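Structure assessment
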Amino acid sequence: MKLGGMWSAALALGLIWQGSAAQTWPDKPVRIIVPLTAGSATDVMARTVAQRLTEQLGQPFVVENKPGAAGTIGVGTVARAKPDGYTLLVQSSSYTITPITYPNTPYDALRDMAGVTPLALLPQALVVSPARGITSMQGLIAAAKARPGTLNYGSAGLGTANQLNAERFRVGAGIDAVHVPFKGTPEVVNEVLGGRIDYFFCPIHVCLPLINQKRVLALAMGSSRRSAALPDLPTTLELGVPESDYNFWVGLFVPAETPRAIVDKLYRETAKALQTPAVKESLAGLGAEQNLLEPRAFDGEIRKEIAVNAALVKAAGIPISAP
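Read on for a plain summary of the structure. (Residues numbered from 1 in each chain as written. Predicted model: local features only at pLDDT ≥ 70, side-chain atom pairs only at ≥ 80, totals over all residues. Heavy atoms only, no water.)

Looking at the nonpolar core
One recurring pattern in soluble globular proteins is that nonpolar side chains are buried together. With 61 residues, the main nonpolar core has Met 45, Phe 61 and Tyr 95 as its most contacted residues. For this core, the leading source of residues is helix H2 (residues 41-57), giving 7 residues. The next biggest cluster of nonpolar side chains, apart from the first, holds 20 residues, and it includes Leu 126, Leu 140, Tyr 153 and Ala 173. (Core = buried A, V, L, I, M, F, W, Y, C linked by side-chain atoms within 4.5 Å. Buried < 20%, exposed > 50% of the residue type's maximum accessible area, 1.4 Å probe, protein only. Helix = DSSP H or I, 4+ residues; strand = E, 2+ residues; numbered from the N terminus.)

Overview of the packing of aromatic side chains
Scanning the model with the defined rule gives 8 aromatic pairs in all. Among the aromatic side chains, those forming a connected cluster through ring pairs are Tyr 95, Trp 249, Phe 253 and Phe 298. In this structure, Lys 28 packs its charged tip against the face of Tyr 86, placed 4.7 Å from the ring centre. (Phe/Tyr/Trp six-rings, centres within 6.5 Å; stacked < 30°, edge-to-face > 60°. Lys NZ or Arg CZ within 6 Å of the ring centre and 35° of its normal.)

Some points on the pairing of strand E9 (residues 217-221)
Taking burial as the measure, the 5 residues of E9 include 4 buried ones, the bulk of the element. In this structure, strand E5 (residues 124-128) lies alongside E9, joined through 4 bridges in antiparallel fashion. By the bridge assignment, Val 128 is partnered in E9 with Leu 217. (Pairing = 2+ DSSP bridges.)

Considering the pattern of salt bridges
Within the structure shown, the criterion is met by 14 salt bridges. Of the charged contacts in the structure, one is a salt bridge between Arg 168 and Asp 245, with a shortest N-O distance of 3.7 Å. One end of the pair, Arg 168, is in helix H6 (residues 161-173); the other, Asp 245, is in the loop between E9 and strand E10 (249-255), and 77 residues separate them in sequence. For Glu 289, the salt bridge is made with Arg 225, and the minimal N-O distance between the two is 3.5 Å. (Salt bridge = Lys/Arg side-chain N within 4 Å of Asp/Glu carboxyl O.)

Some remarks on helix H7 (residues 185-193)
Each α-helix winds once per 3.6 residues, and so residues spaced three or four apart point in a common direction. Turning to H7, its buried residues number three or more, namely Thr 185, Val 188, Val 189 and Val 192. Looking down the long axis of H7, one finds its buried residues gathered within 100° of arc, a one-sided arrangement. As for H7, its buried residues are in contact with E5, strand E6 (152-155), H6, strand E8 (199-203) and helix H8 (204-212). Positive backbone phi, approximately 80°, marks Gly 195, located one or two places after H7. (Arc of directions from axis to C-beta. Contact = heavy atoms within 4.5 Å.)

Examining the packing of H7 against H8
The N-to-C vectors of H7 and H8 enclose an angle of 25°; their axes lie 11 Å apart at closest approach. The pairing of H7 with H8 is recorded here as roughly parallel in orientation. As for the relative orientation of H7 and H8, their crossing is right-handed in sense. Where H7 approaches H8, its residues Thr 185, Val 189 and Leu 193 are matched on the opposing element by Val 206, Cys 207 and Leu 210. Broken down by class, the residue content of the contact of H7 with H8 amounts to 5 nonpolar, 1 polar and no charged. (Axes fitted to C-alpha atoms, helices over the stretch in contact; angles between N-to-C directions. Parallel < 35°, antiparallel > 145°, perpendicular 65-115°, else oblique. Left-handed = near helix turned anticlockwise from the far one by under 90°. Nonpolar A, V, L, I, M, F, W, Y, C, P; charged D, E, K, R; others polar.)

Here you go:
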């Protein structure tokens, strides 16, 4: 057999094997790694989808939390796993900032992992304490420009969605403000309520009750579109701050060499799960909004977002450190 014929035969056998693997997958329990603590929005979303996939595919989809080192422990676990569809990752959009702010990660975000689909967007609202006397986004910008370097903003830590949203807003608005990182969102919210943090891009599911109780004032949405939970609240883009939007998402990933037929089947089943009433209701309770993308489209967005975040880190002077 000629060399070209051998390659063609090998390719055909490979495609047959992939198709057969997808037909039988899954035939044993599937592990879903979440590189964050139990109870986080990412974790809740992973467990919600996992339960539905268990029902649809007849095998347990088991969530395992592996937090630590800015999420790199959990992501690294999946990157090193056998690419057979039995070890998955659910991670937030911090996936696209960690390789930049923590360059010594034990994996290559573009080479070692492949996207399946975003599960949802989790929009953030720009909030302040009513005690600050600031009643509009324009008023906040004016206060920051009147007193450069005196206003502060909180985040749940270096490279988190809160910080990235705040940095895009700061750069777009042309203001000088001080970043104050905390260990998590609850700590920042307490400082906002106490009047010690001037503003915060808060996950909508966390701050919506406080907004409704008028304990914090929402000035704008930090996402690229309005939230269904606060349909009358304009975005920072609508209010005139260019390139200030940040879309915080949660997505599903697999090791890069996972057979395409399995990736495509996982995408179809996940899309089906996300359309069920129970899952839609659960995600709506988090303020989440669906944002399905096919695997190749998701990979393309990951590449774009990493490039955008690299430019933001440079422009905003975000420090780089080891995880």
